[in-house]
Amino acid sequence: MKVMRCPVNGWRPIQEFSYGGAFRPMPQPGECSNRQWADYVFHRSGAAAVKKEWWCHLASGVWFIAERNTSTDEILETYLHGEDGHHE
Amino acid sequence: MSRRYPEPRMFRCPDRLKPHYDAVIIGAGGHGLAAAYYLARDHGIRDVAVLEKSYLGAGGTGRNTAIIRSNYLTAEGVRFYDESLRLFRDLSADLDLNLFYSRRGHFTLAHSDATLRTMRWRAEVNKHLGVDSELVGPEVIRRECPQLDLSCGGHTPVLGALYHPPGAIARHDAVAWGYGRGASQRGVEIHQQTEVTGIRVQGGRVAGVETNRGFVETGKVLSAVAGYTPAVMEMVDVRTPLEVHPLQACVSEPLKPWLDTIIVSANLHLYVSQSSRGELVMGAALDPYELHSTRSTLDFVEGLAGHLLELFPFLGEVRVLRQWAGLADMTPDFSPIMGKTPVEGLYLDAGWGTWGFKATPVCGKTMAHTLANDRPHPLIEPFRLSRFEEFDLVGEKGAASVGH
Ligand SMILES: Cc1cc2nc3c(=O)[nH]c(=O)nc-3n(C[C@H](O)[C@H](O)[C@H](O)COP(=O)(O)OP(=O)(O)OC[C@H]3O[C@@H](n4cnc5c(N)ncnc54)[C@H](O)[C@@H]3O)c2cc1C
């Protein structure tokens, strides 16, 4: 069984989590151009890499960040937004 | 017999890359090979190399569940896929190869009022554009597929279906091999084990491609690499909205023929047909998160088997023979991305997600036209890459997510 560590609830089966997409800084909608906004809304860095992503632990509603290798599906770190990684 | 009358090779394998080609196609999947075929046959452009990092048909082309249909939701989609269906009908004769093209009738079951509503919408769009497609009640489903338990064990009864009589299946490998042979006979070179590692651009124009076997000069490059598109487009710093997810499938052990229709249930995330070898060919929804790997999971077969038994309870003793996965390059609007790119001479055929096999012939035709004329074919104009920054999407989700 594949498991993931929720920063609040600890190790849980992957089925308890939902993927929320890549973590991307949002440009200010009122200040950026239409093109920049479209780039933010639609475009992705779609090639395989270690990526920072939003995930949600469904049972408890905790949203957090995971760093994951999208070629091997190895989850390197998970932590709450605002805290950085590098600690268990 | 085979020693005295050896089967000729399907395509030539030149051992050396030439320093220059008029056009280079990245990816020997169905789309790349079909484009090469029509470039040579219809446009007289024969000095073409198809470069494939692995073997012919290694990508989605050899991994799909081979469903062909045109009952989409948007007018743009219906016109495009219907042209593909039309091309598929004579393709065996055209390529002089039996593709086992088999018309089955395609049922997309509705287990809820909301699904029924989308199906009525699709049926009306389809009929308006001359596609044989209609909303039918349980009686018709019972007549065409008597083995199906319409009550779904009382759990989520089937209320009706979108019925598309021309829905078909074909041998996917044969499609790729047929196009490959036809292209090769007309002078196209197919190079396997040849990976494109870079695209050289000079003054905003394509100058050639870097490969693991050296540099090749060319003024026209078609990227037809489906699930690998983001990596290729990164070589020229062009951003796309693609997100890659695995799509899994499996087959059962061969059974006596009993299922001659294609059954899809969006609510149960399941689709099934029976191949000419007797195997049940089955698939489900996309894997839930981004992953560039063709690993298989037990989760997938477990979930699929549960849903299959709701529709066909008598299959309880049947065993799964094989399972596998392929990469689906998903777009936000579930329509493909085709045509020109910001780099002159670089053309894109991508965004094939879970629905690109059926489009193989029409993609080949329209991309060949686009390369030859440096102008998008009218059928693919709505699918241009720039539609996203123009906020002019072609919303096909209702028809393409698990519909195949
Ligand atoms: C399980 C599954 C079921 C499906 N079922 C259906 C279905 O029922 N109906 C339907 O219409 N569609 C279906 N699809 C979708 C369909 O398979 C694909 O959309 C289609 O095969 C894409 O074909 P293609 O020729 O564009 O790409 P591919 O067949 O993926 O070919 C791309 C090729 O490019 C090569 N390549 C990649 N990068 C490079 C590089 N840098 N240099 C050289 N070569 C490179 C790859 O090795 C590969 O051979 C399914 C897909 C899957 C995975």
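Conventions adopted
- Residues numbered from 1 in each chain as written.
- Chains lettered and ligands numbered in written order.
- Predicted model: local features only at pLDDT ≥ 70, side-chain atom pairs only at ≥ 80, totals over all residues.
- Heavy atoms only, no water.
- Patch = residues over 30% accessible without salt bridge, like charges linked within 9 Å, V, L, I, M, F, W, Y side chains within 5 Å.
- Areas by Shrake-Rupley, 256 points an atom, 1.4 Å probe, with all protein chains shown as cover.
- Salt bridge = Lys/Arg side-chain N within 4 Å of Asp/Glu carboxyl O.
- Helix = DSSP H or I, 4+ residues; strand = E, 2+ residues; numbered from the N terminus.
- Buried < 20%, exposed > 50% of the residue type's maximum accessible area, 1.4 Å probe, protein only.
- pLDDT = per-residue confidence, 0-100.
- Pairing = 2+ DSSP bridges.
- Axes fitted to C-alpha atoms, helices over the stretch in contact; angles between N-to-C directions.
- Near = heavy atom within 4 Å.
- Polar contact = N/O pair within 3.5 Å; in protein donor to acceptor, adjacent residues only side chain to side chain.
- Nonpolar A, V, L, I, M, F, W, Y, C, P; charged D, E, K, R; others polar.
- Expected span 1.5 Å × (residues − 1).
- Contact = heavy atoms within 4.5 Å.
- Left-handed = near helix turned anticlockwise from the far one by under 90°.
- Phe/Tyr/Trp six-rings, centres within 6.5 Å; stacked < 30°, edge-to-face > 60°.
- Buried area = accessible area lost by both parts, 1.4 Å probe.

Let us now look at a nonpolar patch on the surface. Residue and element names in this part refer to chain A. Side chains of Met1, Val3 and Trp11 sit close together on the surface and give an oily, nonpolar patch of about 400 Å² of accessible area. If you trace the backbone, Met1 turns up in the segment before strand S1 (3-6). Assessed through its relative accessible area of 80%, Met1 is described here as exposed.

In this section: the confidence of the model for chain B. Scored by pLDDT, chain B has a mean of 96; 99% of the residues are at 70 or more. In the predicted assembly, ipTM is 0.95 and pTM is 0.97.

The next subject is the sheet that holds strand S10 (residues 196-202) of chain B. All names here are of chain B. Across the sheet, 3 strands lie side by side as S10-S11-S12; this open sheet has antiparallel pairing. Two strands lie at the open edges of the sheet, namely S10 and strand S12 (214-217), each paired on one side alone. Across the sheet, the mean angle from the axis of one strand to that of its neighbour is 25°, orientation sign disregarded. Relative to strand S11 (residues 205-211), S10 runs antiparallel, the two being bridged by 6 bridges. Note on S11: the bridge partner recorded for Val201 is Val206.

Residues and elements named next belong to chain B. Around the ligand sit 37 residues, and of these Glu52, Gly60, Thr61, Thr65 and Lys358 come closest. Within the backbone of His31, one N or O atom sits 2.9 Å away from an oxygen atom of the ligand. At 3.1 Å from an oxygen atom of the ligand is found a main-chain nitrogen or oxygen belonging to Gly356. Protein contacts shield 98% of the accessible area of the ligand, which totals 1000 Å² for the unbound molecule. Ranked by residue count, the leading element in the shell around the ligand is strand S14 (residues 243-252), at 3 residues. Residue classes in the shell around the ligand are distributed as 16 nonpolar, 16 polar and 5 charged.

Residues and elements named next belong to chain B. Along its 14 residues, helix H8 (residues 298-311) runs 20 Å from first to last C-alpha, staying within 8% of the 20 Å computed at 1.5 Å per residue. Considered for burial, the residues of H8 that qualify are Phe300, Val301, Leu304, Leu308, Glu310 and Leu311. Buried residues in H8 make contact with strand S5 (106-110), S14, strand S15 (262-265), strand S16 (270-274), strand S17 (280-284) and strand S18 (320-330). If you check the start of H8, you find a side-chain oxygen 3.2 Å away from the backbone N of Phe300, and it comes from Thr297.

This next bit is on unusual backbone geometry. Peptide bonds are mostly trans, and most non-glycine residues show a negative phi. All names here are of chain B. We note that Ala66 has phi near 65°; this positive angle belongs to a residue other than glycine. Summarising the element assignment, Ala66 is placed in the loop between strand S2 (48-51) and strand S3 (67-68). Of note in this structure, Phe100 is not a glycine but carries a positive phi near 50°.

What follows is about the sheet that holds strand S8 (residues 168-169) of chain B. Strands sit in the order S3-S8-S4 (chain B) across an open sheet of 3 strands; the sheet is antiparallel. Among the strands making up the open sheet, the edge pair consists of S3 and strand S4 (102-103) of chain B.

Here we take up the pairing of S16(B). Residue and element names in this part refer to chain B. The buried fraction of S16 amounts to 5 of the 5 residues, a majority that puts the element mostly inside the structure. Neither face of S16 is open: one carries Leu270, Val272 and Gln274, the other Tyr271 and Ser273, and all of them are buried. Between S15 and the antiparallel strand that follows it, S16, lie 4 residues; His269 among them carries a positive phi value of about 50°. In terms of strand pairing, S16 meets S17 through 5 bridges, oriented antiparallel. Counted as the bridge partner of Gln274 is Leu280 from S17. Taking the residues that link successive antiparallel strands as the turn, the S16-S17 hairpin has 5 residues, and the phi of Gly278 there is positive, at about 100°.

Moving on, we get to the packing of helix H1 (residues 30-43) of chain B against helix H6 (residues 172-185) of chain B. Residue and element names in this part refer to chain B. It is at 8 Å that the axes of H1 and H6 come closest, and there the two elements cross at 35°. Where H1 crosses over H6, the two elements pack in a sense that is left-handed. Residues Leu33, Ala34, Ala36, Tyr37 and Tyr38 of H1 pack against Ala176, Tyr179, Gly180, Gly182 and Ala183 of H6. Among the residues making up the contact of H1 with H6, the classes are represented as 8 nonpolar, 2 polar and no charged.

So, on to the pattern of salt bridges. A side chain with one charge may pair with a side chain of the opposite charge, provided their charged atoms come close. Under the counting rule described, the total for this entry stands at 24 salt bridges over all chains. For B:Lys18, the salt bridge identified is with B:Asp47, shortest N-O distance 2.8 Å. Here the residue B:Lys18 occupies a position in the segment before strand S1 (23-26), and B:Asp47 occupies one in the loop between H1 and S2, the gap between them amounting to 29 residues. For B:Glu279, the salt bridge is made with B:Arg277, and the minimal N-O distance between the two is 3.5 Å. Overall, B:Glu279 belongs to the buried group, its relative accessible area being 5%. Within this structure, A:Lys2, A:Glu53, A:Arg68 and A:Asp73 form a network of salt bridges that share partners.

Here the focus is the packing of aromatic side chains. Scanning the entire structure with this criterion turns up 24 aromatic pairs over all chains. Ring geometry for A:Phe17 versus A:Phe64: centroids 5.9 Å apart, planes at 80°, classification edge-to-face. In this pair, A:Phe17 is assigned in strand S3 (residues 17-22) and A:Phe64 in strand S5 (residues 62-69), connecting sequence segments 47 residues apart. Among the residues examined, A:Phe64 registers a relative accessible area of 0% and is labelled buried. When the ring of B:Tyr37 is compared with that of B:Tyr179, the centres are 5.3 Å apart and the planes differ by 65°; the resulting orientation is edge-to-face.

With 21 residues of chain B in contact, the opposing surface of chain A contributes 24 residues. Taking both partners together, chain B and chain A bury about 2000 Å²; carbon and sulfur atoms supply 53% of that area. When residues of chain B are sorted by the area they lose upon contact with chain A, B:Arg239, B:Tyr289 and B:Glu290 head the list and together hold 33% of the total. Where chain B touches chain A, the interface holds 3 salt bridges. The residue A:Asp39 makes a salt bridge to B:Arg239 at a minimum N-O spacing of 3.0 Å. On inspection of chain B and its partner chain A, the count reaches 10 residue pairs in polar contact (both at pLDDT 80 or more). Secondary structure elements with two or more residues in the side of chain B that touches chain A: helix H7 (229-234) and S14 of chain B. Considering every element that reaches the side of chain B that touches chain A, the biggest residue donor is H7(B), with 3 residues.

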